[in-house]
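# Residue-level structural notes
Now for the letters of each chain:
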Amino acid sequence: MTQPAIRTTRLPSGLTIVTERMERVETVSLGAYVASGTRHEREEENGVSHFLEHMAFKGTERRSATQIAEEIEAVGGHINAYTAREQTAFYVKVLKEDMALGTDIIGDILCHSTFDPDELERERGVILQEIGQANDTPDDIIFDHFQETAYPAQPMGRPVLGTEARIRTMKRDTLMGYMRRHYAASNTVVAAAGNLAHDRFVDLVSRHFADLPSEPAPPALGGVYAGGEFREGRDLDQVHVVLGFPAMAYADPDYYPSLLLSTLLGGGMSSRLFQEVREKRGLVYSVYSFTAPYMDGGLFGIYAGTGESEVAELMPVTLDELHKVQHGVTESELARARAQVKAGLLMSLESTGSRCEQISRQIQVFGRVMPTAETVAKIEAVTTGDVERAAARIFRAAPTLAVMGPAERVPSLPSIAERLAA
């Protein structure tokens, strides 16, 4: 009997294994996706998830940092990791015949990292350089200020990288303790996509991830949107502006309407903001909108980088577009947005790495892998009225404004809120 392309196994430890077989490729992407990120950190631990991501490649009980790199590159593979607000991921892409090695190394990293003190001090310096680089990049750091203003004095608002002060004083015991508490089998999905056999992958994961703790991990710390205003005057050529609002969680009925709203409002060259702000008026080089869904909420934002003199016109024009989209979405622009979102989804299915990440995240968010046909059907079902309703729900909420640069001509948050409410 033919096995389904996507299969899921849950081990007695609570570890979930999910695979998607893609027979026409020669590679396998696999990774461990831990449901733990910045929003799980206590205040004094801020930055520990990202520090752990860096330290994972710095040596285990069986491998030095050099050996980890050499073993993967000796077979032409690629290994990497990332930290987000709700997740930390460690993943590798290898040829199909090297799946066992990739699984061994990722399991070794998660279960047997040693946090060598010398390596820790070197990596501390690397992370401090990364923080410094972010602080020197206004179109990067503005998003940290936006997040902190939207979610003040709580984990959801703190920077993923941590602060310089926290990283300088973070102890080895803090990293090890956090990893013991949060890197539990029940809190982790091990996923793979590519030319593989599910049962063999389950056997490999069972062996190489056997030492993950079986105790339940602490729950995520809640996020309460507040909104507000952040301004930092800097001697820059451009004003960097992020205007945002509370938005929809993954499971919200308006999630797909909000996704299409973001696309038609600021998601491409045909979008309203790009056409009105850049093409017709020449006020910006870069303008776009974005959605950031979480398990229990989300953010919708608009970013623009513009000149000091242009920003006075930029904001009223942008706010007018936020008003218009609540009442006049056309079938043609919705069709374009729908095509963009569907194409992005379907094109991603051709990448083992993208598919591996998708199926792991769907397990964590929905408890199952959502069939592509189901996702496409949800996208197809969105109407112009749904998009207008989502726009009204988002843009009539309390806004968040983050501004960096010569910002004297940027309207105040109360005046923006008043105009949006009119």
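As shown above, the structure is provided for reference.
Residues numbered from 1 in each chain as written. Predicted model: local features only at pLDDT ≥ 70, side-chain atom pairs only at ≥ 80, totals over all residues. Heavy atoms only, no water.

### Observations concerning the pairing of strand β10 (residues 298-306)
β10 sits mainly inside the fold: 9 of its 9 residues count as buried. Both faces of β10 are covered, namely the face carrying G298, F300, I302, A304 and T306 and the face carrying L299, G301, Y303 and G305. Sheet topology places strand β8 (residues 239-246) next to β10; 8 bridges connect them, and they run antiparallel. The residue bridging F245 from the neighbouring strand is F300, located in β10. Both strand β9 (residues 284-293) and β10 contribute to a ladder of 9 bridges, which runs antiparallel. Residue pairing in the sheet places F290 in a bridge with G301 of β10. The hairpin turn running from β9 into β10, its antiparallel successor, is 4 residues long. (Buried < 20%, exposed > 50% of the residue type's maximum accessible area, 1.4 Å probe, protein only. Helix = DSSP H or I, 4+ residues; strand = E, 2+ residues; numbered from the N terminus. Pairing = 2+ DSSP bridges.)

### What to know about the sheet that holds strand β5 (residues 88-95)
Taking strand neighbours across the sheet as the criterion, the 6 strands line up as β1-β2-β6-β3-β5-β4 in an open arrangement whose pairing is mixed. Each of the sheet's edge strands pairs with one partner strand only, and the pair in question is β1 (6-10) and β4 (78-83). The average angle at which neighbouring strand axes cross in this sheet is 15 degrees, direction not considered. Pairing of strand β3 (residues 27-34) with β5, which is carried by 8 bridges, proceeds in the antiparallel orientation. Opposite A32, over in β5, you have F90 as the bridge partner. Contacting β1, β2 (16-21), β3, β4, β5 and β6 (188-194), helix α13 (residues 352-366) runs over the sheet at an angle of about 145 degrees to β6. (Axes fitted to C-alpha atoms, helices over the stretch in contact; angles between N-to-C directions. Contact = heavy atoms within 4.5 Å.)

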